[in-house]
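Structural characterization, general
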Amino acid sequence: MRKKIVAGNWKMNKTLSEGIELAKEVNAKVKSQNASNVQVIIGTPFIHLAEVNKTVDPALVSVSAQNCATEASGAYTGEVSAAMVASTGCKYVILGHSERRSYYGETDAILVKKVARALENKLEVIFCVGEVLAEREANQHFEVVKSQLVNGLFNLTAEEFGNIVIAYEPVWAIGTGKTATSDQAQEMHAFIRKVIADQYGKAIAENTSILYGGSCNAKNADELFANPDVDGGLIGGASLKAEDFSAIISARSKH
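Read on for a plain summary of the structure.

Here is what the cut-offs are and how they apply
- Residues numbered from 1 in each chain as written.
- Predicted model: local features only at pLDDT ≥ 70, side-chain atom pairs only at ≥ 80, totals over all residues.
- Heavy atoms only, no water.
- Core = buried A, V, L, I, M, F, W, Y, C linked by side-chain atoms within 4.5 Å.
- Buried < 20%, exposed > 50% of the residue type's maximum accessible area, 1.4 Å probe, protein only.
- Contact = heavy atoms within 4.5 Å.
- Pairing = 2+ DSSP bridges.
- Helix = DSSP H or I, 4+ residues; strand = E, 2+ residues; numbered from the N terminus.
- Axes fitted to C-alpha atoms, helices over the stretch in contact; angles between N-to-C directions.
- Phe/Tyr/Trp six-rings, centres within 6.5 Å; stacked < 30°, edge-to-face > 60°.
- Lys NZ or Arg CZ within 6 Å of the ring centre and 35° of its normal.
- Expected span 1.5 Å × (residues − 1).
- Parallel < 35°, antiparallel > 145°, perpendicular 65-115°, else oblique.
- Left-handed = near helix turned anticlockwise from the far one by under 90°.
- Nonpolar A, V, L, I, M, F, W, Y, C, P; charged D, E, K, R; others polar.

**Here we look at the nonpolar core**
Residues I42, L153, I166 and I192 are the most contacted members of the largest nonpolar core, which totals 64 residues. The residues touching I166, leaving out its near neighbours within four places in the chain, are F127, V129, L149, L153, I192, I196, T208, S209, I210 and L211.

**What about the sheet that holds strand β7 (residues 210-212)?**
One key point about sheets: their strands pair by backbone hydrogen bonds, in either a parallel or an antiparallel sense. With parallel pairing, eight strands are arranged side by side around a closed barrel as β1-β2-β3-β4-β5-β6-β7-β8. Here the average twist between neighbouring strands, direction ignored, is 30°. Pairing of strand β5 (residues 124-129) with strand β6 (residues 164-168) involves five bridges; the strand directions are parallel. Within β6, the position partnered with I126 by the bridge is V165.

**Quick look at the packing of aromatic side chains**
As enumerated under the stated definition, the model contains six aromatic pairs in all. Geometrically, the ring pair formed by F154 and F161 is edge-to-face, given 6.2 Å between the ring centres and 65° between the ring planes. The same class applies to F154 as to F161, namely buried. Judged by centre distance (4.6 Å) and plane angle (25°), the rings of F161 and Y200 are stacked. On the criterion of sequence distance, the pair formed by F161 in helix α8 (residues 158-161) and Y200 in helix α9 (residues 182-200) is long-range, its members being 39 residues apart. For F161, a relative accessible area of 1% gives the class buried. Cluster of aromatic residues (ring-pair linked, three or more members): F154, F161 and Y200. For R100, the ring lying beneath its charged end belongs to Y104, and the centroid distance is 4.2 Å.

**A look at the pairing of strand β4 (residues 92-95)**
Of the two faces of β4, the one holding Y92 and I94 and the one holding V93 and L95 are both buried throughout. In the sheet, strand β3 (residues 61-65) pairs with β4 via two bridges, with the strands oriented parallel. Note on β4: the bridge partner recorded for A65 is V93. With four bridges joining them, β4 and β5 adopt parallel strand pairing. Paired with Y92 across the bridge in β5 is E124.

**What to know about helix α5 (residues 108-120)**
Across its 13 residues, α5 extends 18 Å between first and last C-alpha, which sits within 8% of the 18 Å expected from 1.5 Å per residue. Listing the buried residues of α5 in full gives L111, K114, V115, R117, A118 and L119. At the C-terminal side of α5, K122 shows a positive phi close to 60°.

**Section: the packing of α5 against helix α7 (residues 141-153)**
One way to put it is that α5 packs onto α7 with a least axis distance of 8 Å and a crossing angle of 50°. As summarised for this structure, α5 and α7 are arranged oblique, according to the angle between their axes. The element α5 and its partner α7 pack so that their crossing is right-handed. Only S147, Q148, N151, G152 and L153 of α7 make contact with α5, whose side of the interface consists of D108, V112 and V115. Split into classes, the residues belonging to the contact of α5 with α7 amount to three nonpolar, four polar and one charged.

By themselves these figures say nothing about function.
What follows is the structure in structure tokens.
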């Protein structure tokens, strides 16, 4: 049975001390909730990883990096390798986020290398896919998302793919206040599951968690998570407040 997941992506927010405090608050909220059926993940900046991993109870909250390098080690000033991420106690890494693709030019070829490094280091990958507004308006959204899946992940064996979580980001709904409708989210999640089934078979597709990552918040989480193919959320701004994040976890737990 596939995991229900609520993952927070803090992006470039919170100083180290602020991040530790937020991690404590999230851990306390999760401990007090009856939500043992939900895998809770927080994705912090690199400098937070080691301390946050010491701060949270790994039975309640897992920790994720937001990126990793394409190379294993070497003269790559400013980069952080997957091995370094894993050495902090992290279980996950977010790869292919729309901001990495658009701001930093990450291509499918780059992501293939990053995914390989992550899996070599026993990290589970939250792999982001999604279309921009122009692609949605041109009715190319299915084509774009399928291409990202095929070119970024489908070189993996079925066993390797078992360590992948998909996050669908309608890029036009991130930070804009817009949200895909519940029906739009379900439609794309079902499409993604079918694309995975066509490549790896129905059993693997049914076991793959697919998260919604487009301005999910405490107000719309319940409606989004009621959909059969929406297995959880990759949460941005709402993950920066423990109270809001907790409400989203509660919504996922109910369905």
